[in-house]
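# Working through the structure, step by step
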Amino acid sequence: MNVPAPGLPARVRIHEVGARDGLQNEKTAVPTAVKAEFIHRLAAAGLTTIEATSFVHPKWVPQLADAEQLFPELGDLAGVHLPVLVPNERGLDRALALGATRIAVFGSATETFASRNLNRTVAESLAMFEPVVARAKEGGAHVRGYLSMCFGDPWEGPVPVHQVVRVAKALLDLGCDELSLGDTIGVATPGHVVALLGELGEAGVPTDRIGVHFHDTYGQALSNTLAALGHGVTTVDASAGGLGGCPYAKSATGNLATEDLVWMLDGLGIETGVDLTALTATSAWMAEQLGRPSPSRTVRALSHKE
């Protein structure tokens, strides 16, 4: 049943990350043709922002080593935004050479994860991103800043809210158009989400420039999303079929499944533009390509009904 609740947005933009954040965590590489079909199917289901790939050196993320081969296969997707992740200026050069118009950089709110993921301190990583963001903006590209470990870090434990706010503001000060707050190991709870969003607001960060990216390690991703929506957030990251995790944080399990998110939003009467039936079929198809069942509860429930 469609039963709206008060205080929630009328529409939510889903930032689909399955093709990048999801597939980068697979043990074996998915063929380029399968990735391209996956993205086309996601677009046909109504998703208009689909993170396509990453221009990270293949040594670090071998599953996405085919970025140069994949991205040109997506040129027919008119009206679909195809963000790509770039780690540095070399990655930016590769992305821009293929005509990418949406760029993402990936930072950390904690020193340990910055060291393990980027081989730099937080300050050094921000310095590395500065020319990337500047050059991307000069070229007319939209820039998203990912901020990982916003709620907890497997090495440092709970992350102080003020620490997250400081790095978040630094990313926006570099020129990022939007910021994605990542619960990389899935330890956030709704009160923590509201507290962080509240302090970001007090620090002058507009809610309309914030997206949320929850992992479902403890089954809290949907409740955390609902808390963020109640605070005015209208951009939510999700991964078709619940694919993904983080190769640099072993305690990070799958992302919030896009189908589970759409089921909740449909029930609340919140527009997404996504056809849940088509999306479920796409994730069931992708699960077949990967040779295992989808972890998404909605995919399993609807596929069983069929």
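Overview of the structure. (Residues numbered from 1 in each chain as written. Predicted model: local features only at pLDDT ≥ 70, side-chain atom pairs only at ≥ 80, totals over all residues. Heavy atoms only, no water.)

### Looking at the overall build of the protein
Tallying secondary structure elements over the protein gives 12 helices and 10 strands in all. Taking 2.2 N^0.38 as the reference for a compact globule, 306 residues should give roughly 19 Å; the C-alpha atoms of the protein span a radius of gyration of 18 Å, in line with that estimate. Projected onto the principal axes, the alpha-carbon positions of the protein cover approximately 50 × 45 × 35 Å. Here the protein holds 306 residues, and 55% of them are scored as buried. Surface accessibility of the protein: about 12400 Å² in total, with carbon and sulfur atoms responsible for 54%. Of the side-chain charges in the protein, 23 are positive and 33 negative, and the distance between the mean point of each set is 4 Å. (Helix = DSSP H or I, 4+ residues; strand = E, 2+ residues; numbered from the N terminus. Rg over C-alpha atoms; globule rule 2.2 N^0.38 Å. Buried < 20%, exposed > 50% of the residue type's maximum accessible area, 1.4 Å probe, protein only. Areas by Shrake-Rupley, 256 points an atom, 1.4 Å probe, with all protein chains shown as cover. Lys, Arg positive; Asp, Glu negative; His and termini not counted. Charge placed at Lys NZ, Arg CZ, Asp CG, Glu CD.)

### Digging into helix 6 (residues 122-138)
Spanning 17 residues, helix 6 covers 24 Å between terminal C-alpha atoms, matching the ideal 24 Å at 1.5 Å per step. Of all bends in helix 6, the biggest is about 25°, found at Phe129, and the proline Pro131 comes one to four residues later. For helix 6, the complete set of buried residues consists of Val122, Ser125, Leu126, Met128, Phe129, Val132, Val133 and Ala136. Positive phi appears at Gly140, one or two residues downstream of helix 6, with a value of about 85°. (Expected span 1.5 Å × (residues − 1). Bend = angle between axes of the 7 residues up to and from the residue.)

### Thoughts on the environment of Glu199
With respect to the secondary-structure elements, Glu199 resides in helix 8 (residues 190-202). A relative accessible area of 35% places Glu199 in the partly exposed class. Distance in space between the C-alpha atoms of Glu199 and Val164 is 9.6 Å, their sequence separation being 35 residues. With sequence-adjacent residues up to four places away left out, Glu199 is seen in contact with Val161, His162 and Val165. (Contact = heavy atoms within 4.5 Å.)

### Observations regarding the packing of aromatic side chains
All chains considered together, the criterion is met by 3 aromatic pairs. A centroid spacing of 6.4 Å and a plane angle of 25° characterise the contact between Phe113 and Trp155, whose relative ring orientation is stacked. With Phe113 in helix 5 (residues 111-118) and Trp155 in the loop between strand 6 (152-153) and strand 7 (157-158), this residue pair connects regions lying 42 residues apart in the sequence. Exposure remark for Phe113: the relative accessible area of 0% places this residue in the buried category. With centroids separated by 6.1 Å and ring planes inclined at 45°, the aromatic side chains of Phe151 and Phe214 adopt a geometry described as tilted. Of this pair, Phe151 sits in the loop between strand 5 (142-148) and strand 6 while Phe214 sits in strand 9 (residues 210-214), and the two are 63 residues apart along the sequence. Across this residue pair, the class does not change: Phe151 and Phe214 are buried. Above the plane of the ring of Tyr146 lies Arg144, whose end atom (NZ or CZ) is 5.0 Å from the centre. (Phe/Tyr/Trp six-rings, centres within 6.5 Å; stacked < 30°, edge-to-face > 60°. Lys NZ or Arg CZ within 6 Å of the ring centre and 35° of its normal.)

### Here's the deal with the sheet that holds strand 1 (residues 13-16)
Taken in spatial order, the 8 strands make up an open sheet running 1-10-9-8-5-4-3-2, and their pairing is parallel. Both edges of this open sheet fall to strand 1 and strand 2 (53-54), since each of them pairs with a single strand only. Inspection of the sheet shows strand 8 (residues 178-183) paired to strand 9 by 5 bridges, in the parallel sense. Pairing of Leu179 across the sheet is with Ile210, part of strand 9. (Pairing = 2+ DSSP bridges.)

What is shown is where atoms sit, not what they do.
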